[in-house]
Amino acid sequence: MGQIIAVVNQKGGVGKTTTAVNLTACLSQLGARVLLCDFDPQANATSGLGVTKKNPVTIYEAVTNGLSGAEAIVSTPFGDLIPSGPALSGLGIELVMEEHREFRLRDILEPLKANYDYIFIDCPPSLELLTLNGLCAAESILVPVQCEYYALEGLSDLMTTLRAVKKGFRPRLEIFGVLLTMYDGRVNLSMQVADEVRRHFPGKVFTTVIPRNVRLSEAPSHGLPIIAYDKYCRGAEAYVALAKEIYGRR
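Now for a quick tour of the structure. (Residues numbered from 1 in each chain as written. Predicted model: local features only at pLDDT ≥ 70, side-chain atom pairs only at ≥ 80, totals over all residues. Heavy atoms only, no water.)

### Side note on empty space enclosed by the protein
Item 1. Summed over the entire model, instances satisfying the criterion amount to one cavity of 30 Å³ or more.
Item 2. In this model, the largest cavity occupies a volume close to 30 Å³.
Item 3. In terms of lining, the largest cavity is formed by N9, K11, V14, P144, V145, Q146, E148 and A151.
Item 4. The element that contributes the greatest number of residues to the lining of the largest cavity is strand β6 (residues 140-146), accounting for three residues.
Item 5. Counted by class, the lining of the largest cavity contains four nonpolar, two polar and two charged residues. (1 Å grid on protein atoms, 1.4 Å probe; cavity = no way out; pocket = protein on both sides within 12 Å on 5 of 7 lines; lining within 4 Å. Points joined across faces, edges and corners; volume = space filled by probe spheres on them. Helix = DSSP H or I, 4+ residues; strand = E, 2+ residues; numbered from the N terminus. Nonpolar A, V, L, I, M, F, W, Y, C, P; charged D, E, K, R; others polar.)

This is the structure in C-alpha cells:
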C-alpha cells in the first residue's frame, strides 16, 4: 500500500514543484511506482513532466465531474501524472457551499494507493482550500525550505496550519521530512538557516541538501526533469541522492 505525501510550503519559489517533479522521476528510475498529482492551478508540475497544460482531463474534472482518479492519469516516461490546469483556480469558490469540501482530493487519491508506492501532491503556494485538500488527502508532508532569511518565518505559519489540520481534519498527519533547497555552502546565511532548521526539526531534516544549480532552473522550460535534462549536474546528483534516501526508508 502506497503513501500519500503532500509537497507543501505557502511561500513561493522554494523549490516545491521542482522537488515534486524530480522526486517523481528519480524514484521512478529506482523502480518505485510513483504518481504525481498536480494540485496547483499554475500546472508547472504538469509541464515539468512534459505534459501540455491544455490536457482535456485534469484533476479539476475529477474533483468536479465525478471522474475517478484513474480516468485522469497520464503516463509519462518519468512516472504517472494527474495533470492540472487553469480551471483549478476557481475550485475554491465552486466548492464554498459544498459539504466535505476539504476531502474531495482524498476521495480521488485513496482508491489509487494500492497501485503505487508513492503518491505526491504538488500543492499551491498558499494555505487556502486547495492546499487544505492536499493536507487532508495526505498522510504526511514534505516541506522544501529555501536557505534564506525568511525561511523560518514561513515555516512557523505552516506549522500553525498543520496543527489546525491535525486537530480538525487529519489527526495522523505527520511531517515526512524537511528538505533544504537552494543551498550555497559558500554563504554563511545558508549554513545558519540550515542549522536553525535542523534545530527546530530534529530528526526530520533530510541528509540530502539541494544546491543552487542553474540546470535545475532550466530543465522545466524543456518539459524535462533534471535527470533527463542533465543527469550529471549537481542538481541531478542531489535529487537522485534524495530519492535513494527516501526509498531506503521503506
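From this point, the discussion proceeds with the structure in view.
### Points about the packing of aromatic side chains
Item 1. Per the stated rule, a full pass over the model turns up three aromatic pairs.
Item 2. Centroid distance F103 to F169: 6.0 Å. Interplanar angle 65°. Geometry classified as edge-to-face. One end of the pair, F103, is in the loop between α5 (91-94) and α6 (104-109); the other, F169, is in the loop between α8 (151-168) and β7 (174-181), and 66 residues separate them in sequence.
Item 3. Judged by relative accessible area, F103 falls into the buried class, the value being 13%. (Phe/Tyr/Trp six-rings, centres within 6.5 Å; stacked < 30°, edge-to-face > 60°. Buried < 20%, exposed > 50% of the residue type's maximum accessible area, 1.4 Å probe, protein only.)

### Focus on the nonpolar core
Item 1. In terms of nonpolar packing, the biggest core is built from 50 residues, with F39, I59, L109, I121, I141 and V197 touching the most fellow members.
Item 2. In terms of nonpolar packing, the next biggest core, distinct from the first, is built from 35 residues, L23, V34, I226 and I246 among them. (Core = buried A, V, L, I, M, F, W, Y, C linked by side-chain atoms within 4.5 Å.)

### What to know about helix α7 (residues 129-137)
An α-helix turns once per 3.6 residues; consequently, residues spaced three or four apart project the same way.
Item 1. With nine of its nine residues buried, α7 lies for the most part within the structure.
Item 2. Of the positions making up α7, those classed as buried are L129, L130, T131, L132, N133, G134, L135, C136 and A137.
Item 3. Those residues of α7 that are buried lie in contact with β1 (3-7), α5, α6, β5 (118-122), β6 and α8. (Contact = heavy atoms within 4.5 Å.)

### Describing the pattern of salt bridges
Item 1. The final tally for this structure, using the stated rule, is 12 salt bridges.
Item 2. Among the salt bridges present, the one from E98 reaches R104, with a minimum N-O distance of 3.4 Å. (Salt bridge = Lys/Arg side-chain N within 4 Å of Asp/Glu carboxyl O.)

### Here's the deal with helix α12 (residues 234-247)
Item 1. Across its 14 residues, α12 extends 20 Å between first and last C-alpha, which sits within 8% of the 20 Å expected from 1.5 Å per residue.
Item 2. Turning to α12, its buried residues number three or more, namely G235, A236, A238, Y239, L242, A243, I246 and Y247. Seen from one end, α12 has its buried residues packed into an arc of 170°, which puts them on one side.
Item 3. In this fold, the buried residues of α12 make contact with α1 (16-29), β5, β6, β7, α10 (214-218) and α11 (226-229). (Expected span 1.5 Å × (residues − 1). Arc of directions from axis to C-beta.)

### Some thoughts on the side chain of T19
Item 1. Summarising the element assignment, T19 is placed in helix α1.
Item 2. A residue is classified by how much of its surface remains accessible, and T19, at 0% relative accessible area, is buried.
Item 3. With residues up to four places along the chain from it excluded, the contact list for T19 reads L142, P144, L179, T181 and Y239.

### Considering a nonpolar patch on the surface
Item 1. A cluster of nonpolar side chains, Y149, Y150, V187 and L189, forms an exposed patch at the surface whose accessible area comes to about 410 Å².
Item 2. On the secondary structure map, Y149 appears in the loop between β6 and α8. (Patch = residues over 30% accessible without salt bridge, like charges linked within 9 Å, V, L, I, M, F, W, Y side chains within 5 Å. Areas by Shrake-Rupley, 256 points an atom, 1.4 Å probe, with all protein chains shown as cover.)

### Let's talk about the sheet that holds β5
Item 1. The seven strands lie next to each other as β3-β4-β2-β5-β1-β6-β7, forming an open sheet whose pairing is mixed. The two strands at the open ends of the sheet, each matched to only one other strand, are β3 (74-76) and β7. Taking each pair of neighbouring strands and ignoring which way they run, the sheet shows an average axis angle of 25°.
Item 2. In this structure, β6 lies alongside β7, joined through seven bridges in parallel fashion. For V145, the partnering residue across the bridge sits in β7 and is L180.
Item 3. The sheet contacts of α8 involve β6 and β7, and relative to β6 the element is tilted by about 170°. (Pairing = 2+ DSSP bridges. Axes fitted to C-alpha atoms, helices over the stretch in contact; angles between N-to-C directions.)

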